[in-house]
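Structure assessment
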Amino acid sequence: MNPTPLLIVDAANVVGSRPDGWWRDRAGATARLRDTLVPLGGQGVPPDLPPPVEVVLVVEGAAREVPEVDGVRVVSAAGSGDDAVVELVADARDRRRLVVTADRALRDRVTVLGAEVYGPRWLRP
């Protein structure tokens, strides 16, 4: 079993959870979200998720070209971002998996596979 938890963030859903003008620049809003995630690998998300953590940001649509940075792996969904999240969860059955989304359908799909689900506010108080 891999001891490092996998934190998967549904970028479109988390970015869209705040009405801060993200719709004018989806890629820019996604890059800003990515940058806020960088410290989580070493800090975790107290008290629920102690470090170290592997952080993965799933992007789609207009944000598909947002590059990864040290500390955050970016997965560009070829189609549906939800499908990419489910695939990541299914492929990592040997570790703790946490998904950040408010999407109810996605929540149902990943909890069936054993993932924990947290809403966007868990990351963005």
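Keep in mind that this is a model prediction, so the values were computed, not measured.

1. So, the sheet that holds strand β3 (residues 73–76)
The strands that make up a sheet pair up through hydrogen bonds in the backbone, lying either parallel or antiparallel. Taking strand neighbours across the sheet as the criterion, the 5 strands line up as β3-β2-β1-β4-β5 in an open arrangement whose pairing is parallel. Of all the strands in the sheet, just β3 and β5 (116–118) have a single pairing partner and so form its edges. Going across the sheet, the axis of each strand differs from the next one's by a mean of 25 degrees, ignoring polarity. Pairing analysis gives 4 bridges linking strand β1 (residues 6–10) to strand β4 (residues 97–100), with the strands arranged parallel. Opposite Val 9, over in β4, you have Val 100 as the bridge partner.

2. Describing the side chain of Arg 34
Among the secondary structure elements, Arg 34 is positioned in helix α2 (residues 26–37). Side-chain polar atoms of Arg 34 contact the backbone oxygen of Pro 67, separated by 2.8 Å. Sequence-distant contacts of Arg 34, defined by excluding residues within four places in its chain, comprise Leu 57, Val 66, Pro 67, Val 69, Val 72 and Val 74.

Procedures and definitions
Residues numbered from 1 in each chain as written. Predicted model: local features only at pLDDT ≥ 70, side-chain atom pairs only at ≥ 80, totals over all residues. Heavy atoms only, no water. Pairing = 2+ DSSP bridges. Helix = DSSP H or I, 4+ residues; strand = E, 2+ residues; numbered from the N terminus. Axes fitted to C-alpha atoms, helices over the stretch in contact; angles between N-to-C directions. Polar contact = N/O pair within 3.5 Å; in protein donor to acceptor, adjacent residues only side chain to side chain. Contact = heavy atoms within 4.5 Å.

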